[in-house]
Amino acid sequence: MSENGEAIIIAENVNKTYPNGVKALRDVSLSVKKGEVVVIIGASGSGKTTFLRTINQLEYIDSGKITVDGVDVTDPKTNLTKIRAEIGMVFQHFNVFPHMSVLNNVILAQTLVKKRSRKEAEDIALEFLNKVGIADKKDDYPGNLSGGQQQRVAIARALAMNPKIMLFDEATSALDPEMVGGILDIMKSLAKEGITMVVVTHEMGFAREAADRIVFMDHGQIIEINTPDNVFTNAKSERLRQFLSQIL
Amino acid sequence: MRKADKRNKILWNVAFVIVLIGLGFSVYKASLRINYSWNWRAVPSYIIYNNVTNINSPVNGVVKGYKDGVLIIESLAKKTIKLKVAHTKLKPGSKVTQDEPVGYNSHYQPGPLLIGLIMTLKISFVSIIIALVIGFITGLMRISSNPLLKNLAITYIELIRGTPLLVQIFIVYFFIGTVFNMTRFVAGAFALAVFEGAYIAEIIRAGIQSISKGQTEASLALGMNYFQIMRYIIMPQAIKRVLPALAGQFISLVKDSSLLSIISITELTKAGREVASSTFSPFEVWFTVAALYFIMTYTLSLLDRYIERRLARNE
Ligand SMILES: Nc1ncnc2c1ncn2[C@@H]1O[C@H](COP(=O)(O)OP(=O)(O)OP(=O)(O)O)[C@@H](O)[C@H]1O
Ligand SMILES: [Mg+2]
């Protein structure tokens, strides 16, 4: 799927320093092709989350350029709400809306942003709640759900917007171990469906199985971009080999 | 709960009632020491009283009939006269002479304290609405990243919180009120709203800031704009969280409205002062005024608890 496709995300020489002086991204360049699954790995604090969040501009950058689906998102004149609606994001801490039922969690942005009718939004919501296996909880409030169930709601909420790209930031890190597999399975089946995905994760099994390419970051820099096979058996950089030996 | 704990609880509740009775009794005792003679009988009439007006016959004549509260009299000159009389003892055929009482009308009328209470309710209601609007807007300005909006909000909040309400009422009434030709009521409601609005702004700000950033980020990632995020995600959660504080502020507002008596708005406190000075029952009047305030504030308290419980169901 990844060969010869056109790039849907292009990051060029992205730099980002937080107000506290931490240089989180240094000259990061990466292009992601349509339908590609890119997994970003790296030690804690290496800038994975920061980079992911620059793609939908939850984090602004100091210099460089990021183009998503042909739109320069780093241009101050760009209408961000429009491009953000095409990029789904799944967070480590779910961030479901606690004051709304599961169904309304998935309906809200569809009606507000996509201007769908309530009926249409509800049908689509149910379709995706079914897909993530949680349609039976549609009338529950998030407070009554387990972490794994909340993350399913969050995934359905993002998918219901029919995004062109899905960003996952450690979607399983806050889950109890027995919940992790279910979420990873959903992510794998999405990967197979051909949706473009950028995934930050510490789950090397997932990276190996689902990634088209793996990006290794360290101290705000991309050190190596390689296929899963090469990363795990034949890594070029010393730092990546060190990182893998620490976690595997 | 353990059995012994339960018994203890009951004992302490009994003790509470005894303490209350004791306190009441000591107030009574204290009043005896200053030779105060209690007279509660007149108090209800300060709240509501039965207004009786006697009706006199305008002519000499004969009663022809009485139907549906209307007395029909035929004068000696054969003219028919109809009088509205609610209560009469006259029967058809009775003779009446001019200016003789033929009966009376009676109806309930609000006493001065009730009129004052209604004024307090009115001015509090208007002030709460304006204060909420001010509070919301300045609360949002306060957390804005725009220095103009933010500094304006901070200046307003600090000035209002740093000066006494009484002084503010004077300033609004004598200065702003005169410049803009405001009525007492408008000036009073405005002064109160501006004062409470500063506190509500801080409550709203705290509420918004207490909602985790993840909520805003998830909404932004879905493509929602600032207004939509505030309206559908942040405010509903923030308001739920600060509802007790808001209710407390409303209660303060109702009580603070008593200061408006100083600019001659006849609300409950001014009414109380007028009644107290024209009767010889200051204690009864002031206790009654206090009770009326308490009924209003306690109702707000109960309302708050009710809404909190309703909202808690949706979690
Ligand atoms: N909002 C922020 N303000 C200041 N510094 C930040 C902020 N967010 C992240 N940082 C710093 O920027 C660096 C990169 O952080 P980032 O969260 O992108 O790392 P990460 O690779 O996602 O780490 P982890 O695996 O722990 O999630 C870290 O040094 C972090 O402390
Ligand atoms: Mg991270």
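Residues numbered from 1 in each chain as written. Chains lettered and ligands numbered in written order. Predicted model: local features only at pLDDT ≥ 70, side-chain atom pairs only at ≥ 80, totals over all residues. Heavy atoms only, no water.

Colleague: Please explain the interface of chain A and chain B as it appears in this structure.
Modeller: Interface extent is often summarised as the accessible area lost during association of the parts. In this assembly, 25 residues from chain A lie in contact with 18 residues from chain B. Inspection of the region where chain A meets chain B yields one salt bridge. Across the pair E217 of chain B and R53 of chain A runs a salt bridge whose closest N-O atoms are separated by 2.9 Å. Looking at which element gives the most residues to the side of chain A that touches chain B, the answer is helix α3 (residues 102–112) of chain A, with three residues. (Contact = heavy atoms within 4.5 Å. Salt bridge = Lys/Arg side-chain N within 4 Å of Asp/Glu carboxyl O. Helix = DSSP H or I, 4+ residues; strand = E, 2+ residues; numbered from the N terminus.)

Colleague: Looking at this structure, I do not really get the site of ligand 1. What am I missing?
Modeller: Residue and element names in this part refer to chain A. The immediate surroundings of ligand 1 are formed by 14 residues, with S44, G45, K48, T49 and T50 found nearest. When ligand 1 sits alone it has 630 Å² of accessible area, and the protein chains cover 64% of it. Among the residues forming the shell around ligand 1, the class breakdown is four nonpolar, eight polar and two charged. (Near = heavy atom within 4 Å. Areas by Shrake-Rupley, 256 points an atom, 1.4 Å probe, with all protein chains shown as cover. Nonpolar A, V, L, I, M, F, W, Y, C, P; charged D, E, K, R; others polar.)

Colleague: Can you help me understand the pairing of strand β4 (residues 80–84) of chain B in this one?
Modeller: All names here are of chain B. On β4, burial follows the alternation: I81 and L83 on one face are buried, whereas T80, K82 and K84 on the facing-out side are not. Where strand β3 (residues 70–75) and β4 come together, five bridges link them in antiparallel fashion. Looking at β4, one finds that L71 is bridged to L83. Linkage of β3 to β4, two consecutive antiparallel strands, is achieved through a turn of four residues, within which K78 is found at a positive phi near 65°. (Buried < 20%, exposed > 50% of the residue type's maximum accessible area, 1.4 Å probe, protein only. Pairing = 2+ DSSP bridges.)

Colleague: Any chance you could explain the side chain of E284 of chain B here in plain terms?
Modeller: Among the structural elements, E284 of chain B can be located in helix α10 (residues 282–313). Discounting chain neighbours no more than four positions away, the residues touching E284 of chain B are Y36, S37, W38, N39, W40 and V43 of chain B.

Colleague: Looking at this structure, I do not really get unusual backbone geometry. What am I missing?
Modeller: Even without being a glycine, Q57 of chain A presents a positive backbone phi close to 60°. Relative to the helices and strands, Q57 of chain A resides in the loop between α1 (48–55) and β4 (63–68). Overall, Q57 of chain A belongs to the buried group, its relative accessible area being 4%. Even without glycine at this site, N35 of chain B takes up a positive phi of about 55°. Mapping N35 of chain B onto the fold places it in the loop between α1 (3–33) and α2 (43–47). When its relative accessible area of 71% is taken as the criterion, N35 of chain B is described as exposed.

Colleague: Teacher, can you tell me more about the side chain of Q168 of chain B here?
Modeller: All names here are of chain B. Relative to the elements of secondary structure, Q168 occurs in helix α5 (residues 165–179). The exposure class assigned to Q168 is buried, which follows from its relative accessible area of 8%. Every residue in contact with Q168, bar those within four places of it in the chain, is listed here: L159, I160, T163 and F195.

Colleague: I would appreciate a short explanation of the packing of helix α5 (residues 147–159) of chain A against helix α6 (residues 177–193) of chain A in the present structure.
Modeller: For any two helices packed against each other, one specifies the crossing angle of their axes together with the interaxial distance. Residues and elements named next belong to chain A. Axis separation between α5 and α6 bottoms out at 9 Å; the angle between their running directions is 20°. Our classification of the angle between α5 and α6 gives roughly parallel. Remark: the crossing between α5 and α6 carries right-handed chirality. Residue-level inspection shows G148, Q151, R152, I155 and L159 of α5 in contact with α6, the latter providing M179, G182, I183, I186 and L190. (Axes fitted to C-alpha atoms, helices over the stretch in contact; angles between N-to-C directions. Parallel < 35°, antiparallel > 145°, perpendicular 65-115°, else oblique. Left-handed = near helix turned anticlockwise from the far one by under 90°.)

Colleague: Quick question: what am I supposed to make of the domain arrangement of chain B here?
Modeller: When the domains of chain B are assigned, the result is domain 1 (1–36), domain 2 (49–110) and domain 3 (112–313). Using C-alpha coordinates to define each centre, domain 1 of chain B is positioned 56 Å away from domain 2 of chain B. (Domains from an automatic or database assignment.)

Colleague: Help me understand a positive patch on the surface, please; the structure alone is not making it clear to me.
Modeller: All names here are of chain B. Together, R305, R309, R310 and R313 line one region of the surface with positive charge. With respect to the element layout, R309 can be found in helix α10. Residue R309 is classed as exposed on the basis of its relative accessible area, which comes to 58%. (Patch = residues over 30% accessible without salt bridge, like charges linked within 9 Å, V, L, I, M, F, W, Y side chains within 5 Å. Lys, Arg positive; Asp, Glu negative; His and termini not counted. Charge placed at Lys NZ, Arg CZ, Asp CG, Glu CD.)

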